[in-house]
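Secondary and tertiary structure notes
Each chain, written out:
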Amino acid sequence: MSDESPGEAEQKKPAKKRSFWRELPILLGIALVLSLLIKTFLVQAFFIPSESMERTLHGCAGCTGDRILVYKAGYRFHDPNPGDIVVFRAPGSWEPETRIAQSTNPLRRAFGWVGGLFGLPQANEKDLVKRVIAVGGQTVQCCDKQGRVLVDGKPLNEPYIFEDDHKPFGPVKVPAGRLWVMGDHRSDSADSRFHMEDGYQGTVPVKAVIGRAFVIVWPPSRWNTLGKGG
């Protein structure tokens, strides 16, 4: 006859292990919520669909378009700075730089929508990437005798420029809360220079900026950080 009390016997019973398959949906749910929060408030991936930022960012026809990460939280505390590479939602008056064919397969479109919701990079005609050249209060124009862009009368050193067309513009004084943006591929970028008749002299509202591009994450051969000036 055992001397153990019923309570002691219960304490010695091995604890039941939770089923992995029961925990899996909970873990997946937590992962999806975290992905959504990160995408919404911190970092989001974007796809480069056009050539307007060559050769800093690749989006050439027939090549693998760069995938970049965009830091969103920083601009909640300060405005973009000259030299920043930013992703922004194009103003309604701006025509898309490139036309992106939409899949007619409803299943693929549904998967694409879900992937975009949780941070997978999606090509979007209205999400553009450009470099900030001048901010509110600054005056920008082109060009001096050497073909350089001037900001507040001082020429910019822009080693990242590819195929400069030296298109003349300005002077334009950028209104407060707005930005003058240009692509690094100057001869193939429908940027602020081409929208000067839109009522805002081609400038973009700061509130339309999604975030600052800070790293190329795909393809692996082009892994690189994106600091000011390229």
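All of the points below concern the structure found in this document. Being a predicted model, the structure only gives us computed values, none of them experimental.

The next point concerns the overall build of the protein. Each helix and strand in the protein was counted, giving 3 helices and 12 strands. Scored against the burial criterion, the 230 residues of the protein give a buried share of 37%. Taking the contacts inside the protein whose residues are at least 6 apart along the sequence as the reference set, 72% of them involve residues at least 24 apart.

As enumerated under the stated definition, the model contains 1 disulfide in all. Disulfide pairing is shown between cysteine 142 and cysteine 143; the S-S distance is 1.6 Å. Taking the sign of the S-S torsion, about 40° here, the bridge from cysteine 142 to cysteine 143 comes out right-handed.

Here the focus is the packing of aromatic side chains. Counting across every chain of the model gives 2 aromatic pairs. Seen in terms of ring centroids, phenylalanine 88 and tryptophan 94 are 5.9 Å apart; in terms of plane orientation they differ by 90°. Their pairing is edge-to-face. In this structure, phenylalanine 88 and tryptophan 94 share a single accessibility class: buried. Taking 4.8 Å as the distance between ring centres and 25° as the angle between the ring planes, the aromatic pair formed by phenylalanine 169 and tryptophan 180 counts as stacked. Remark: tryptophan 180 occurs in strand E9 (residues 178–182) and phenylalanine 169 occurs in strand E8 (residues 169–173); sequence separation between them is 11 residues. Exposure remark for phenylalanine 169: the relative accessible area of 5% places this residue in the buried category. On the basis of relative accessibility, which here comes to 0%, the residue tryptophan 180 falls in the buried class.

Through backbone hydrogen bonds, the strands of a sheet pair up, either in parallel or in antiparallel fashion. Taking strand neighbours across the sheet as the criterion, the 4 strands line up as E7-E6-E5-E8 in an open arrangement whose pairing is antiparallel. Each edge of the open sheet is held by one strand with a lone partner, namely strand E7 (154–155) and E8. As paired elements, strand E5 (residues 139–142) and strand E6 (residues 149–151) share 3 bridges and run antiparallel to each other. Following the sheet pairing, valine 140 is matched in E6 by valine 151.

Backbone torsion omega between cysteine 142 and cysteine 143 reads 5°, so that peptide bond is classified as cis. By the element assignment, cysteine 143 lies in the loop between E5 and E6. Tryptophan 218 connects to proline 219 through a cis peptide bond whose omega is 0°. Structurally, proline 219 is set in the loop between strand E11 (209–218) and strand E12 (224–225).

Bringing the pairing of E5 into the picture now. Taken residue by residue, a regular strand's side chains alternate between the two faces of the sheet. Where burial is concerned, the two faces of E5 differ: the one with Val140 and Cys142 is buried and the one with Thr139 and Gln141 is not. Hairpin connection between E5 and E6: a loop of 6 residues separates the two successive antiparallel strands, and glycine 147 in this loop has a positive phi of roughly 80°.

On to the environment of arginine 89. By the element assignment, arginine 89 lies in strand E3 (residues 85–89). Since its relative accessible area comes to 40%, arginine 89 is described here as partly exposed. The spatial distance from the C-alpha of arginine 89 to the C-alpha of isoleucine 210 is 7.1 Å, given a sequence separation of 121 residues. In this structure the side chain of arginine 89 is engaged in a polar contact, spanning 2.7 Å, whose partner is the side chain of aspartate 127.

Thresholds, definitions, all that
- Residues numbered from 1 in each chain as written.
- Predicted model: local features only at pLDDT ≥ 70, side-chain atom pairs only at ≥ 80, totals over all residues.
- Heavy atoms only, no water.
- Helix = DSSP H or I, 4+ residues; strand = E, 2+ residues; numbered from the N terminus.
- Buried < 20%, exposed > 50% of the residue type's maximum accessible area, 1.4 Å probe, protein only.
- Contact = heavy atoms within 4.5 Å.
- Disulfide = S-S within 2.5 Å.
- Phe/Tyr/Trp six-rings, centres within 6.5 Å; stacked < 30°, edge-to-face > 60°.
- Pairing = 2+ DSSP bridges.
- Polar contact = N/O pair within 3.5 Å; in protein donor to acceptor, adjacent residues only side chain to side chain.

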